[in-house]
Amino acid sequence: MVKQKKQYLWQPHYPKGTSWKSRVTPQAVGKLFDKSAKLFASKVAIDFFGTEITYKQLKKTVDSFAAALQASGVAKGDRVGIMMPNCPQFVVAYYAILKVGAVAVNYNPLYTLPELEDQVTDSETSVMITLDLRMLFSKARVLQSKTDLKTVIVANFSHYLPKWKRRIFSVMKFLSVVHCVTRFKRCVSMESMIAQNRRFKAVDIDVKKDMAVLQYTGGTTGIPKGAMLSHANVSANMQQIGLWFKGFEEGGEVMLCVLPLFHVFAMTAMMNLGVLKGCKLILHPRVKLKDIVRDMQQKKVSVFMGVPTLFGALAHCPKVTTEHFASLKACISGGAPLAEQVKKEFEELSKTRVVEGYGLTEASPVV
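Described below are features of the structure shown in this document.

Reading the values: the criteria
Residues numbered from 1 in each chain as written. Predicted model: local features only at pLDDT ≥ 70, side-chain atom pairs only at ≥ 80, totals over all residues. Heavy atoms only, no water. Helix = DSSP H or I, 4+ residues; strand = E, 2+ residues; numbered from the N terminus. Rg over C-alpha atoms; globule rule 2.2 N^0.38 Å. Buried < 20%, exposed > 50% of the residue type's maximum accessible area, 1.4 Å probe, protein only. Areas by Shrake-Rupley, 256 points an atom, 1.4 Å probe, with all protein chains shown as cover. Lys, Arg positive; Asp, Glu negative; His and termini not counted. Charge placed at Lys NZ, Arg CZ, Asp CG, Glu CD. Pairing = 2+ DSSP bridges. Axes fitted to C-alpha atoms, helices over the stretch in contact; angles between N-to-C directions. Contact = heavy atoms within 4.5 Å.

## Here we look at the overall build of the protein
Part 1 of the reasoning: Within the protein one finds twelve helices and 14 strands.
Part 2 of the reasoning: Rg of the C-alpha trace for the protein: 21 Å, near the compact-globule value of 21 Å for 367 residues, within the 12% margin.
Part 3 of the reasoning: Dimensions of the protein along its principal axes, counting C-alpha atoms only, are 75 × 55 × 45 Å.
Part 4 of the reasoning: Among the 367 residues that make up the protein, the fraction classed as buried is 52%.
Part 5 of the reasoning: Looking at the protein as shown, the accessible area adds up to about 18,500 Å², and 56% of this sits on carbon and sulfur atoms.
Part 6 of the reasoning: Taken together, the 50 basic and 28 acidic charged side chains of the protein have centroids lying 5 Å from each other.

So this is what it looks like as structure tokens:
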């Protein structure tokens, strides 16, 4: 009698070529980043308002910042906060923190001061990385005065802007930017730290025990709680999601990153997965439908992840046609339940299937 192969109810719904028994190897997230940087060295990793950064350039900057963090006293296990919208400095800070064995604590820049104060205190964040934008820097300074936050590392928002945008920004900066941040006590320039070009010293990381990210989640009730995600948790989830992306060209896909990277869905499904697959990440610091639609068409976006409200807004955006979404291969919705009507309307317009994902912060987050 031939023993029948056990098949789970969900297996028939897997993409062709994806096996339930596929091997997932937990690794230090920094090592996965290094592998991608080497494999896709000449490919564009980040597009920020037209400024392009290759994987080789990104790795050099990440390693320089990681070495500077080490030289400044940041050690394994230290909590280092990131409080900024989507920008190249966010990606650099995130991977540098994880490479030195510290713990990345993602902060929502729109949170109120009391909310931020509670999280800084609860997480024992000792260093905060933010931008020189007045709204963010002022919050960081108040947090320094009210908590045990020791150092604020300040990145220049206009640093990666193309020249023409930098000129426009310079006209407005007297209203939005804090000048000479280093004149403030316990404040350091991120760019000056990177410019030191120090040599990064590799750190031994126990992938199962060492925390990579302390991600705050409100769940359904109560105040936000910090979910402790190990390197094994984060790296395994990156690989698990990657197994579903069949038919994608590694090093050849273009991913539009509009959802905030400080949120766990975007952190894993966009940034970490994008780096793992060698995607070009087009970073948008805020949601502007006009800019999203323009980049969809002009930059030939092939992967797009959003929340239901965003898919609904795009489906009803004036003057948007199927042509704007011609290069799309996949769309994933998450963060909230996707209404059947929204799914139907966007799919009819874009001619692309929208797959709804489910997850929770404690799962790193995709289930």
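From this point on, the discussion continues.
## Notes on the sheet that holds strand β11 (residues 280-283)
Part 1 of the reasoning: Overall, mixed pairing links the seven strands, which are arranged β2-β1-β11-β10-β12-β13-β14 in an open sheet. The open sheet has two free edges, formed respectively by β2 (51-54) and β14 (354-356), since each of these has just one partner strand. The mean inter-strand angle of the sheet, taken between neighbouring strand axes irrespective of direction, is 20 degrees.
Part 2 of the reasoning: Examined bridge by bridge, strand β10 (residues 254-257) and β11 share four bridges and lie parallel to one another. Looking at the pairing, Met-255 lines up with Leu-281 of β11.

## Digging into the sheet that holds strand β9 (residues 225-230)
Part 1 of the reasoning: Taken in spatial order, the seven strands of this open sheet run β7-β6-β5-β3-β4-β8-β9, and their pairing is mixed. With partners counted over all chains shown, the strands left at the sheet margins are β7 (187-189) and β9, one partner each. Along the sheet, successive strands turn relative to each other by an average axial angle of 25 degrees, direction set aside.
Part 2 of the reasoning: Of the pairings in the sheet, the one linking strand β3 (residues 79-83) to strand β4 (residues 103-106) comprises four bridges and is parallel in character. Across the sheet, the residue bridging to Gly-81 is Val-105, located in β4.
Part 3 of the reasoning: Of the strands in this sheet, β3, β5 (125-131), β6 (151-155) and β7 touch helix α5 (residues 134-146), which is tilted by about 165 degrees from β5.

## Considering the pairing of strand β1 (residues 44-48)
Part 1 of the reasoning: Within β1, five of the five residues are buried, leaving the element largely enclosed by the surrounding structure.
Part 2 of the reasoning: Here four bridges tie β1 to β2, and the two strands are oriented antiparallel to one another. Looking at the pairing, Asp-47 lines up with Glu-52 of β2.
Part 3 of the reasoning: The hairpin turn running from β1 into β2, its antiparallel successor, is two residues long, and Phe-49 in that turn takes a positive phi close to 55 degrees.
Part 4 of the reasoning: Summarising the sheet, β1 and β11 pair through two bridges and their orientation is parallel. By the bridge assignment for β11, Ile-46 is matched with Leu-281.

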